[in-house]
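A structural walkthrough
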Amino acid sequence: MSAAAGRRRTRQVFCGDVAIGGSAPVSIQSMCTCPASRTEDALGEIEALAGAGCQIVRVAIRDEGDLESLPEILEKSSIPVVADIHFRHILAVGAARAGAAGLRINPGNIGSEDRVREVIEAAGDAGIPVRVGVNGGSLEKRLKKLAASEPARAMSESAAGYMEMIEGWGFTDMIFSLKSSDPAVTVEANALFAGSGDYPIHAGVTEAGPPLSGAARSVVALTKLLSMGIGDTIRISLSGDPVNEVIVAAALLSSLGLRDDFPRIISCPTCGRCHLDVNGIAGRLERELSGCGAGISVAVMGCEVNGPGEAREADIGIAGSKKGAVLFRKGEIVRTIDGDPLETLLEEARRLLGGT
Ligand code: SF4
């Protein structure tokens, strides 16, 4: 069964104009690496993320300075912004009042039930969802013993406890996340919790690591969960430029057949026949096209001897030649490229997409 075929039935929640759960496609999230008070930097990151295909972005609200900057970010961002708050419930209340598209809290570090309730009531008044985050590293005291022997069960019980508590206050606009830095624990915790109700799940591995090994750890866990039908929105947590998170998430969802609106970039591993900076061109191409909204396949191959044939499934591509590069479509060389190979390929890809 493909991952697309058997998704868990979940209720639908809206974060701004992005539907999460129900029949909505699995959405992609990321997070700014700078706090909200560095407004220009945050907005620059948000636009880069949105351009790559990110649909929801989270921003850390650490203090009153961040909270003051939030309205400008909300006003200028092209995608819904979720306020991420730890410890100080009053910041979460302020973010809800400021118009954030959603809140992300870990009830375990908000301080007391009364404070969590204040946050939930502020979200209810604002009509926005709350992502209830449970992190394997910061569980309630009552679960510490269980966490030592059965960490996944402890995380699931923690989330189920918060679910019941918040439902008891009449609030159901929730999304849950259960994250561990251990992919196997993350999978088991989410699988256990998925049986507790029909709330959408934000799936991801926390503190996954540097880009390459971190992507592998996230993909292992998310492939398993998504193949079980679990996961309505995802984040690939990686150190460094968050645009990488979106590119990995898009490739994952496309590969699992859960999304068909991201391009596939094909590139060869290169060998002694290579005449082109394949890695540099393919990397830039991926960033330029990631958010194009179409499932075209574009190839960057090192040589014209084998490249066009090896990438014959590509809608369009370039291959290195002794004189520079050639352009090919569906495996057939159509012409020699005179100018910059990357610019030419981008131009042709955009033409294919019906753009300029
Ligand atoms: S396409 Fe050419 S350069 Fe690339 S790996 Fe194949 S033979 Fe080598």
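Scroll up to find the structure.
What you see is a predicted model; the values in this text were computed from it and never measured. (Residues numbered from 1 in each chain as written. Predicted model: local features only at pLDDT ≥ 70, side-chain atom pairs only at ≥ 80, totals over all residues. Heavy atoms only, no water.)

1. Considering the packing of aromatic side chains
- For the structure shown, the criterion picks out 2 aromatic pairs.
- Judged by centre distance (4.9 Å) and plane angle (45°), the ring pair of Phe176 and Phe193 falls under tilted. Taken as a pair, Phe176 in strand S8 (residues 174-179) and Phe193 in helix H7 (residues 183-194) lie far apart in primary sequence, 17 residues in all. Summarising the burial analysis for this pair, Phe176 and Phe193 share the class buried.
- Through successive ring pairs, a cluster of aromatic residues spans Phe176, Phe193 and Tyr199.
- The ring of Tyr199 has Arg11 sitting right over it, with the charged end atom 4.2 Å from the ring centre. (Phe/Tyr/Trp six-rings, centres within 6.5 Å; stacked < 30°, edge-to-face > 60°. Helix = DSSP H or I, 4+ residues; strand = E, 2+ residues; numbered from the N terminus. Buried < 20%, exposed > 50% of the residue type's maximum accessible area, 1.4 Å probe, protein only. Lys NZ or Arg CZ within 6 Å of the ring centre and 35° of its normal.)

2. A few points about empty space enclosed by the protein
- A complete count under the given rule lists 1 cavity of 30 Å³ or more for this structure.
- One number sums up the size of the largest cavity: a volume of about 90 Å³.
- Around the largest cavity sit 14 residues that line it, and Cys15, Gln29, Val82, Arg131 and Ile175 are the ones nearest its centre.
- Listed by contribution, the elements that provide at least two residues to the lining of the largest cavity are strand S4 (56-60), strand S6 (102-105) and strand S7 (130-135). (1 Å grid on protein atoms, 1.4 Å probe; cavity = no way out; pocket = protein on both sides within 12 Å on 5 of 7 lines; lining within 4 Å. Points joined across faces, edges and corners; volume = space filled by probe spheres on them.)

3. Overview of the sheet that holds strand S9 (residues 202-203)
- Taken in spatial order, the 8 strands line up as S8-S7-S6-S5-S4-S3-S10-S9 in an open sheet, and their pairing is parallel. Lying at the two open borders of the sheet, with one neighbouring strand each, are S8 and S9. (Pairing = 2+ DSSP bridges.)

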